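Spelled out from the first residue to the last, the chains are:
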Amino acid sequence: MIHLGLWLPLLAGLLLFIVPSLGRTFAIVSAAVSLAIAVVLFAGYGGQGVAYASQTPFLPEVGVYYAVGLDGVGLLLWMAVSLVVLLGVWVAEVPVRFLALALMMQTGLLGIFAAQDLVFFYAFFEATLIPALLMLWFYGGPERLRAIYIFALFTLVGSLPMLASIFAVRYLGGAESFLYTDLVAHPLSGQAAALAFLGFLVALAVKTPLFPLHAWLPSFHQQNHPSGLADAMGTLYKVGVFALFKWAIPLMPEGFKEWQGLLLFLAAFGALYAAWLAFSAPDWKTLLAYAGVSHMGVAALGLFSGNMEGTVGALYLLGASMVYGSAMFLFVGLVYKRTGSLDVLPARGLARHTPALYVLGMFLLMAMIGLPGLSGFPGELMALLGAYQVSPWLTFLAFLAVIAAAAYALTAFQKLFQETPQAQAVPDMDRREWGFAAVTVGVLLLMGLYPKLFTVYLEPLGKALAALFGGAS
Amino acid sequence: MQETFLLPLIIALPLLGFVLLGLFGKRLGEPAAGWLASLLVLGSFLLGLVLLLQGGARWALPDWLPGIPFSLHLDNLSGVMLMVVTGVGFLIHVWAIGYMHGDPGYSRFFSYFNLFIAAMLVLILGDSLPVVFIGWEGVGLASYLLIGFWYHERINVDSARKAFIVNRIGDLGFLLAMGLLWSMFGTLSISELVEKVEAGGYSFTTLTLAGFFLLVGAMGKSAQVPLMVWLPDAMAGPTPVSALIHAATMVTAGVYLLVRHAFMLHDDAYLSGLIVLIGLLTAFYGALCSLGQWDIKRIVAYTTLSQLGFMFVAVGVGAYWVAIFHIVTHAFFKALMFMTSGSVIHALGGEQDVRKMGGMRKYLPATHLHGLIATFASGGLVPLAGFWSKDAILAYSFEYGPWLWFLMLLASVLAALYSIRWYVLVFWGEYRGKEHPHESPAVMLWPNHILMVGAIGVGFMGLPYVIDYKNFIEPFLTKAIGEFPHEKLPVFTEWVLILTSALVAIAALWWGFRFFQQKMPAWYERFQAAALQGFYVDALYNALLVNPAKGLAELLFGGDKGILAGFAGLGNLMGGLGSLLARLETGALRFYLAGFVLALVLLVGWGVLR
């Protein structure tokens, strides 16, 4: 089942890319089947450890295995990705080959969460870049080449140290293979750990994104297709927090300790910094890009706290932000369809013509700025409870973003929907968009009101991580 | 205390109304949408009453988040608040059926209104602080939606946004309080915190800090100095909103939160002193500003500020039950005052400037009676509701220190003055406008009749001990708040205080009644000019905080591009990739400069915070 779930999107995507006449319905079916598989996998999860584990020797002489399996966070993110892909191919109006690329990218993302072998993890992590780049290249805006350079350089240059660190971890640590279980049993220590961790960190900070390695993100979003599909997929690609949690910290706990102070500071500062300057963002995609940086700053702050609460918060916020962040990008895609522009100014007063879209936007906005009861809050709260134990001042700094978020989000929203009504009438949501709205709203409410559904599976993971640092809870 | 699912049902009723009206309200139309919303609130009221009479209730979903339950708790304290919110809330709902008549957003209005009630009930009933916080921000959202209800006017949405942002400053305090309490005690359930605080074994200073964080939260929600600036602007919303949210219920949530945490405050002289100070400042600031307003709703809004200041003083001096008692009486007379204002606005076709009112006693006899009672209750005339709760605050203030009693007496003189000024300008003299005023329909009069009875009578449940009637509310509330020992004043002193405050109020009302009918003397005009602008606090905040914050956002935005340029420069240095990265260089001096500033900020911040 897990193999089918993992590879089906890639096969469907390839097929669709070659035979685009299969059309959007084909993509939707593929995404729906993927989501169904995800739900089945989640429902069948026992609650402890890595489920659905399977391993086959791939290059046994160097210790590489094709090993996959899912733990609590893997399942959460797997579900989030499957859901978002379905929403994206359902609602975004893009060429069919674009959808095909999105499906291919889905396999890469799922692989990142499922991989139980470090080399395979790295392979998925890098391979996912290809469809992301192709989307930008084929369907991006006029300045996409520059955006591609920046994106590719940050990710590729960032990945090289990680590759070196991967080998360092295995050979200096003395593990038998690249399997997760082997590597965790042989953590690095001392100076080597600090350096190897830094190698991981560079690559993963780019994909968190963690200040100041977020600098590639604004142009990436600005230049991607206005439908928001590529941006949604890009949001799913923010796997840094996950990979730090899953690989970098457990493999090199001493290395993490070495950098913890700096990392906490960067995370907290980035959370506030990005939220603050989002206020000056001239267009919605830039705004959402910085909003995402800010939220990931909060998530990273939770993770770097190194305790149970912070870890649970970080992982939950990551999953939630994949959903609301992506939905927000798809939403501005719907706006673009009506206005032909994503600029914040001038005021448009769309609400008169599109009351339903207005309500949807308000809802997503509130989910994004962490309104309690919606998906962003449980993660933020837990991250706060974790981080406060480690550094109250940095927590204070990071959570000033709560105020800044209200300012940037409501101001931009006011310009788009409120104030002077726009003269030219535009249609309100159609059926397809209502479907998107209903599912998104339902999921964000569920995540906000009943976080227990997932946090019961995250709690043991958080405790395990805390145990690495002697934390009791 | 029973465990029952009926407790969440109290919240679910208005929530259901929010969803139903939001989706199908347009089809229901007028007035069905309004009645549905009202009856659901009435349902919550009745259900709450039944559970309260049965001795309270609890309900919990364990491990909603790791170690944090989703728990609700109906005790006497939350019960009283529940009665006020749903009872007065129901009346305002009904009144709004008439007031919102003909508005294109009729059903949307009632949908938001029900959302507010639901959120407020979560706030009140929550036992676990994160649950309280859901309600806390929920009412903020409802308030935001309703202030900006007529969203095509920029001024309305600007006011709504301001309210939300200022409230979020308070919310940050609430969040930090949760962080600190969790790290101290490992729980966020109020009922468990009570035990842990009693058990001791923690640093007292740390607990003071936690209390301070909560206080910041309360100050935002209850519009205390210096976070009061959003409340006057919130009057941009429809009048029922001002009555329900910005007078009777939501703004008292901060007071409720503090009273809920009385166990953290009562031993803490510093924190209590700070609360007294904030309350005093707010009481005077609100009162003085009210005396200079021309907009009928802004007059009343500032009077609310002043009364909220009274409540804070009550909390600060340790008179926790009195603070709640004042919430109850205030809910009646202030809602009545707002709805009377609304009826006048309604009668004059939307006019809000009191300079174009006057003489309404002839045109609107019933509304005039409401206004008169509201004025007397708010001005503290014996024996109306406002007198008893205010008097209790004064008595406790005297125990705290005769100087505080004296200041509070002054503040209540001002309260009498602003009440009577409102009354004189609206109802007395000759009509100064050109409309044809007409009395409100029955659906608007009846809620006011009931509120009027309340504004006269609810004070009698909290008579001072020297009068030989049973004080019903003190023992009822202290059962939930906790008994904190305090020395009762001697009978003679108490009587002197009561008589003084009664006579002073009568004198002030009478003097004000004469004074505000005359042409204003020059000194008053000068005072009024400053008071009208809220003593320029908004301008000050804009100059000191808002504009610098915006400027910094601009600067950071430029600086962020500088980071990219910085990486390009790094690439150049490293050579190999340089030629490729050189394309990124913009060469703009501004970016480098901003990047430099940013780096500096980072270094300093790192140094300070590590």
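Keep in mind that what you see is a predicted model, and the values were worked out from it rather than measured.

Rules behind the numbers
- Counting starts from 1 at the beginning of each chain's written sequence and moves along it residue by residue.
- Both sets of labels track the order of writing: A upward for chains, 1 upward for ligands.
- It should be noted that, the model being predicted, local features are given only for residues of pLDDT at least 70 and side-chain atom pairs only at 80 or more, the latter also being counted only at that level, while totals for whole chains, interfaces and linings use all residues.
- To obtain the side-chain values, all non-hydrogen atoms of the structure were included, while hydrogens and water were left out.
- Helix and strand assignments follow DSSP, with helices taken as H or I runs no shorter than four residues and strands as E runs no shorter than two, numbered in order from the N terminus.
- Two things to know: the radius of gyration comes from C-alpha atoms, and the globule rule equals 2.2 Å times the number of residues to the power 0.38.
- Exposed residues in this analysis have more than 50% of their type's maximum accessible area, buried residues have under 20%, and partly exposed residues fall in between, with area computed by a 1.4 Å probe over protein chains only.
- Residue contacts are defined here by distance: any two heavy atoms, one from each residue, within 4.5 Å place the two residues in contact.
- To be clear on the numbers: accessible area is Shrake-Rupley with a 1.4 Å probe, and residue cover counts the displayed protein chains and nothing else.
- All the domain ranges listed were derived from an automatic or database domain assignment.
- For this analysis, a salt bridge means a side-chain nitrogen from Lys or Arg found within 4 Å of a carboxyl oxygen belonging to Asp or Glu.
- Each Phe, Tyr or Trp ring, with Trp reduced to its six-membered ring, pairs with another whose centre is within 6.5 Å; inter-plane angles below 30 degrees give stacked pairs, above 60 give edge-to-face pairs, and intermediate values give tilted ones.
- Here the quantity called buried area is the accessible surface, traced with a 1.4 Å probe, that two parts lose on coming together, added over both.
- For this classification, the nonpolar set comprises Ala, Val, Leu, Ile, Met, Phe, Trp, Tyr, Cys and Pro, the charged set comprises Asp, Glu, Lys and Arg, and every other residue, Gly included, is treated as polar.
- Between N-to-C directions, angles span 0 to 180 degrees; the directions come from axes that are lines fitted to C-alpha atoms, helices contributing only their stretch in contact.
- Here the word oblique covers every angle except those under 35 degrees (roughly parallel), over 145 (roughly antiparallel) and from 65 to 115 (roughly perpendicular).
- For a crossing to be left-handed, the near helix must be turned anticlockwise from the far one by less than a right angle; the clockwise case is right-handed.
- Here the term patch refers to residues with relative accessible area over 30% and no salt bridge, with like charges joined within 9 Å and nonpolar side chains (Val, Leu, Ile, Met, Phe, Trp, Tyr) within 5 Å.
- UniProt positions are given in the numbering used here, feature names are shortened, and annotations may be inferred rather than shown by experiment.

1. Quick look at the overall build of chain B
Each helix and strand in chain B was counted, giving 26 helices and 3 strands. Since a compact globule built from 610 residues should have a radius of gyration of about 25 Å, the 26 Å found for chain B is in line with a globular shape. Principal axes of the C-alpha set define a box for chain B whose edges measure 90 × 65 × 55 Å. Across the 610 residues of chain B, 63% fall into the buried class. Intrachain contacts of chain B at a sequence separation of at least 6 include 81% that bridge at least 24 residues. Accessible surface for chain B amounts to roughly 22100 Å². Of this, 69% is attributable to carbon and sulfur atoms.

2. Observations regarding the overall build of chain A
Along its length, chain A carries 21 helices and 2 strands. What you see for chain A is a C-alpha radius of gyration of 21 Å, in line with the 23 Å of a compact globule of 473 residues. Overall, the C-alpha framework of chain A stretches about 70 × 55 × 40 Å when taken along its three principal axes. Counting over 473 residues, chain A shows a buried share of 69%.

3. Description of the environment of B:Val94
Residues and elements named next belong to chain B. Note on placement: valine 94 falls in helix H3 (residues 76-99). For valine 94, a relative accessible area of 8% puts it in the buried group. Each C-alpha atom of the pair valine 94 and histidine 436 lies 25 Å from the other, and the pair is 342 residues apart in sequence. With residues up to four places along the chain from it excluded, the contact list for valine 94 reads Trp35, Ser38, Val443 and Pro447.

4. Description of the domain arrangement of chain B
For chain B, the domain assignment lists domain 1 (2-518) and domain 2 (542-609). On a C-alpha basis, the centres of domain 1 of chain B and domain 2 of chain B stand 47 Å from each other.

5. Let's talk about the pattern of salt bridges
All names here are of chain B. One pass over the full model with this rule turns up 16 salt bridges over all chains. Between arginine 161 and aspartate 158 there is a salt bridge, with the nearest N and O atoms lying 3.0 Å from each other. Taken together, the positions of arginine 161 and aspartate 158, both in helix H6 (residues 154-185) and 3 residues apart, correspond to about one turn of that helix. Given the relative accessible area of 16%, arginine 161 is considered buried. A salt bridge links lysine 162 to aspartate 538, with the nearest nitrogen and oxygen atoms 2.9 Å apart. Taken together, the residues lysine 162 in helix H6 and aspartate 538 in helix H24 (residues 537-574) connect sequence positions 376 residues apart. By relative accessible area, aspartate 538 is classed as partly exposed at 29%.

6. What to know about the packing of aromatic side chains
Residue and element names in this part refer to chain B. A full pass over the atoms with the stated rule returns 76 aromatic pairs over all chains. Ring geometry for tyrosine 285 against tyrosine 302: centres 6.3 Å apart, planes inclined by 70°, an arrangement best described as edge-to-face. With a gap of 17 residues between them, tyrosine 285 in helix H13 (residues 269-290) and tyrosine 302 in helix H14 (residues 296-316) connect regions that are remote in the sequence. For tyrosine 285, a relative accessible area of 14% gives the class buried. Owing to a relative accessible area of 4%, tyrosine 302 belongs among the buried residues under this scheme.

7. Details of the interface of chain B and chain A
At the interface, 58 residues of chain B touch 73 residues of chain A. Both faces combined, the contact of chain B with chain A buries some 5900 Å², and carbon together with sulfur accounts for 76% of it. The interface formed by chain B and chain A contains 1 salt bridge. A salt bridge links B:Arg154 to A:Glu419; its shortest N-O distance comes to 3.4 Å. Among the elements that line the side of chain B that touches chain A, the one with the most residues is H6(B), at 16 residues. Residues belonging to the side of chain B that touches chain A are distributed by class as follows: 43 nonpolar, 5 polar and 10 charged.

8. Let's talk about the packing of helix H10 (residues 239-248) of chain B against helix H15 (residues 320-347) of chain B
All names here are of chain B. Across the interface, H10 lies against H15 with an axial gap of 9 Å and an inter-helix angle of 160°. One element, H10, and the other, H15, form an angle in the roughly antiparallel class. For the pair H10 and H15, the crossing hand works out as right-handed. Facing Thr239, Ser242, Ala243, His246, Ala247 and Ala248 of H10, the residues of H15 in contact are His330, Ala331, Lys334, Ala335, Phe338, Met339, Gly342 and Ile345. Considering only residue class, the contact of H10 with H15 consists of 8 nonpolar, 5 polar and 1 charged.

9. A word on a nonpolar patch on the surface
A surface patch of nonpolar side chains, amounting to about 610 Å² of accessible area, comprises B:Val382, B:Tyr465, B:Val491, B:Trp495, B:Leu499, B:Leu503 and B:Ile506. Mapped onto the elements of the fold, B:Leu499 is located in helix H22 (residues 491-515).

10. Some words on the side chain of B:Ser290
Residue and element names in this part refer to chain B. As for its placement among the helices and strands, serine 290 is situated in helix H13. Relative accessible area serves as the criterion here: at 1%, serine 290 is assigned to the buried category. Ignoring any residue separated from it by four or fewer positions in sequence, one finds serine 290 in contact with Ile299, Tyr302, Thr303, Tyr418 and Arg421.

11. Details of the UniProt feature "domain: NADH:quinone oxidoreductase/Mrp antiporter transmembrane" (unreviewed entry) in chain A
UniProt records the feature "domain: NADH:quinone oxidoreductase/Mrp antiporter transmembrane" (unreviewed entry) at residues 115-401 of chain A, using the numbering of this structure. Helix makes up 76% of residues 115-401 of chain A and strand 0%. Its end C-alpha atoms lie 34 Å apart.

12. Some points on the UniProt feature "domain: NADH-Ubiquinone oxidoreductase (complex I) chain 5 N-terminal" (unreviewed entry) in chain B
Within this structure's numbering, the places UniProt gives as "domain: NADH-Ubiquinone oxidoreductase (complex I) chain 5 N-terminal" (unreviewed entry) are residues 68-110 of chain B. The span residues 68-110 of chain B is 67% helical and 16% strand by assignment, and the distance between its end C-alpha atoms comes to 33 Å.

13. Here we look at unusual backbone geometry
Peptide bonds are, in most cases, trans, and in most cases residues other than glycine have a negative phi. Along the chain, A:Phe211 connects to A:Pro212 via a cis peptide bond; the corresponding omega equals 0°. Position of A:Pro212 among the secondary structure elements: in the loop between helix H9 (190-207) and helix H10 (217-223). Of note in this structure, A:Glu419 is not a glycine but carries a positive phi near 60°. The residue A:Glu419 is located in the loop between helix H19 (401-417) and helix H20 (431-449) in this model. Overall, A:Glu419 belongs to the buried group, its relative accessible area being 5%. Unlike most non-glycine residues, B:Ala223 shows phi in positive territory, near 50°. A relative accessible area of 0% places B:Ala223 in the buried class.

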